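Chain and residue survey
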Amino acid sequence: MRVVLSSSTAEAVSTVVTMIVDKIESHPASVIGLATGKTMEAVYAEWVRVAQDRSLKLDQSFYFMLDEYVGLPDQHPESFRVYIQRRLLNPLELKKSQISFPPAFGSNLEKDASDYERLLKESGGIDLQLLGVGTNGHIGFNEPGSEKTSRTRRVKLTTETREANKVHFPEGNMPAEALSMGIGTILEAKSLVLLATGKSKADVIKYLMNHHDDSKCPITYLKSHADFTLVLDPDAASKINLKI
């Protein structure tokens, strides 16, 4: 695990975007795994800015979404499909054929999850997987208790996760389940980069530093990956004994 301590949130975001852009510039046909959540919003805004400033060629790149709520219509405003369309696909004018979404609204989710795994393998695998982390250590929607060997599957969201996300569902229809890449699926990516920002992430980052392969905190599984970069802002790093 490589830890990058940044002097500000903006610098942490810039570090992650530089990794993405460098990957695509050196390998235009890169396959990138995309995460969602508040932490990633700044990453996508900066990615768009840099790509437009540098006329970054993206026509050969391909993208896989990490997860999606079960049962939401394609164009539900809080679906991750709409999230990424608004923040990345549309601004960068990427084609629909350049991205694959977890099929989380069909009648046979077990088969759909298996098909998603097949698509990942047929693509040659993810070159760079972007990740955030929940305060309870979940990665994607792999909640505490998830196994290291887990694959793309239907998962039940914890009360903590639902509470953290219910602000986005003011009408009270917060989904109870999601379709998520599994820990084992994520670990097959060639490179992982996780961005953690803000004081709310300080405890889980401290836990990560002191534990390995702990099912109570799925982020700890990532430490076994040969190319895992953890990027932190000062607040997220505030409870660990490392220096910038």
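Heads up: the structure comes first, above all this text.
Residues numbered from 1 in each chain as written. Predicted model: local features only at pLDDT ≥ 70, side-chain atom pairs only at ≥ 80, totals over all residues. Heavy atoms only, no water.

We now examine the overall build of the protein chain. For the protein chain, the count of helices and strands is seven helices and ten strands. Taking 244 residues into account, the globule formula puts the C-alpha radius of gyration at 18 Å, and the protein chain, at 17 Å, falls close to it. Taking the principal axes of its C-alpha atoms as reference, the protein chain extends roughly 50 × 45 × 35 Å. Looking at the protein chain as a whole, 54% of its 244 residues are labelled buried. In the protein chain, 77% of the contacts between residues at least 6 apart in sequence involve partners at least 24 apart. Of the roughly 11300 Å² of accessible surface on the protein chain, a fraction of 50% belongs to carbon and sulfur atoms. (Helix = DSSP H or I, 4+ residues; strand = E, 2+ residues; numbered from the N terminus. Rg over C-alpha atoms; globule rule 2.2 N^0.38 Å. Buried < 20%, exposed > 50% of the residue type's maximum accessible area, 1.4 Å probe, protein only. Contact = heavy atoms within 4.5 Å. Areas by Shrake-Rupley, 256 points an atom, 1.4 Å probe, with all protein chains shown as cover.)

Let us now look at the sheet that holds strand 6 (residues 128-131). The parallel open sheet is built from seven strands, whose spatial order is 1-10-9-6-2-3-5. Strands at the two margins of the open sheet, each flanked by one partner only, are strand 1 (2-5) and strand 5 (99-100). Here strand 1 runs beside strand 10 (residues 228-232); their pairing, made up of four bridges, is parallel. Its bridge partner being in strand 10, V4 is matched across the sheet by V231. In the packing of helix 7 (residues 202-210) onto the sheet, the strands contacted are strand 1, strand 9 (191-196) and strand 10, and the crossing angle to strand 10 comes to about 145 degrees. (Pairing = 2+ DSSP bridges. Axes fitted to C-alpha atoms, helices over the stretch in contact; angles between N-to-C directions.)

This paragraph deals with the sheet that holds strand 7 (residues 153-156). Reading across the sheet, the three strands line up as 4-8-7 and stay open at both edges, with antiparallel pairing between neighbours. Each having just a single partner strand, strand 4 (67-69) and strand 7 make up the two edges of the open sheet. Sheet twist, expressed as the average angle between the axes of neighbouring strands with direction ignored, equals 30 degrees. Sheet topology places strand 7 next to strand 8 (residues 177-180); four bridges connect them, and they run antiparallel. Residue pairing in the sheet places R153 in a bridge with S180 of strand 8.

What follows deals with the packing of helix 2 (residues 38-53) against helix 3 (residues 80-92). One way to put it is that helix 2 packs onto helix 3 with a least axis distance of 9 Å and a crossing angle of 5 degrees. Considered as vectors, helix 2 and helix 3 are oriented roughly parallel to each other. On helix 3, the residues that touch M40, E41, Y44, W47, V48, A51 and Q52 of helix 2 are Y83, I84, R87, L88, P91 and L92. Of the residues in the contact of helix 2 with helix 3, the class split is ten nonpolar, one polar and two charged. (Parallel < 35°, antiparallel > 145°, perpendicular 65-115°, else oblique. Nonpolar A, V, L, I, M, F, W, Y, C, P; charged D, E, K, R; others polar.)

Its place among the elements puts F169 in the loop between helix 5 (159-165) and strand 8. Judged by its relative accessible area of 4%, F169 falls in the buried class. Sequence separation between F169 and E78 is 91 residues, and the spatial gap between their C-alpha atoms is 7.6 Å. Apart from residues lying up to four places away in sequence, F169 is in contact with Y69, L72, H76, E78, M174 and P175.

Here we take up the packing of helix 1 (residues 9-26) against helix 2. Packing of helix 1 against helix 2 leaves a shortest axis separation of 9 Å and a crossing angle of 50 degrees. Classified by the angle between their axes, helix 1 and helix 2 sit oblique to one another. Both helix 1 and helix 2 take part in a crossing whose hand is right-handed. For the pair helix 1 and helix 2, the contacting residues are V13, V16, V17, I20, V21 and I24 in the first and A42, V43, E46, W47 and V50 in the second. When grouped by side-chain class, the residues that make up the contact of helix 1 with helix 2 number ten nonpolar, no polar and one charged. (Left-handed = near helix turned anticlockwise from the far one by under 90°.)

Note on placement: V193 falls in strand 9. For the pair V193 and A35, spaced 158 residues apart in sequence, the C-alpha to C-alpha distance is 11 Å. Excluding its chain neighbours within four sequence positions, the residues that come into contact with V193 are V16, M19, L128, Q129, L130, L131, T229 and V231.

The next point concerns the environment of H212. By the secondary structure assignment, H212 is in the loop between helix 7 and strand 10. Residues H212 and L222, spaced ten residues apart in sequence, show a C-alpha to C-alpha distance of 8.5 Å. Look past the residues within four positions of H212 in its chain and what remains in contact with it is T220 and K223.

Let us now look at helix 3. Along its 13 residues, helix 3 runs 17 Å from first to last C-alpha, staying within 8% of the 18 Å computed at 1.5 Å per residue. At R86, helix 3 shows its maximal bend, which comes to roughly 45 degrees. Taken as a whole, helix 3 has its buried residues at F80, R81, V82, Y83, I84, Q85, L88, L89 and L92. Its buried side turned inward, helix 3 meets strand 2 (31-34), helix 2, strand 3 (62-65), strand 4 and strand 5. Once helix 3 finishes, E93 follows within two positions and takes phi at roughly 55 degrees, a positive value. (Expected span 1.5 Å × (residues − 1). Bend = angle between axes of the 7 residues up to and from the residue.)

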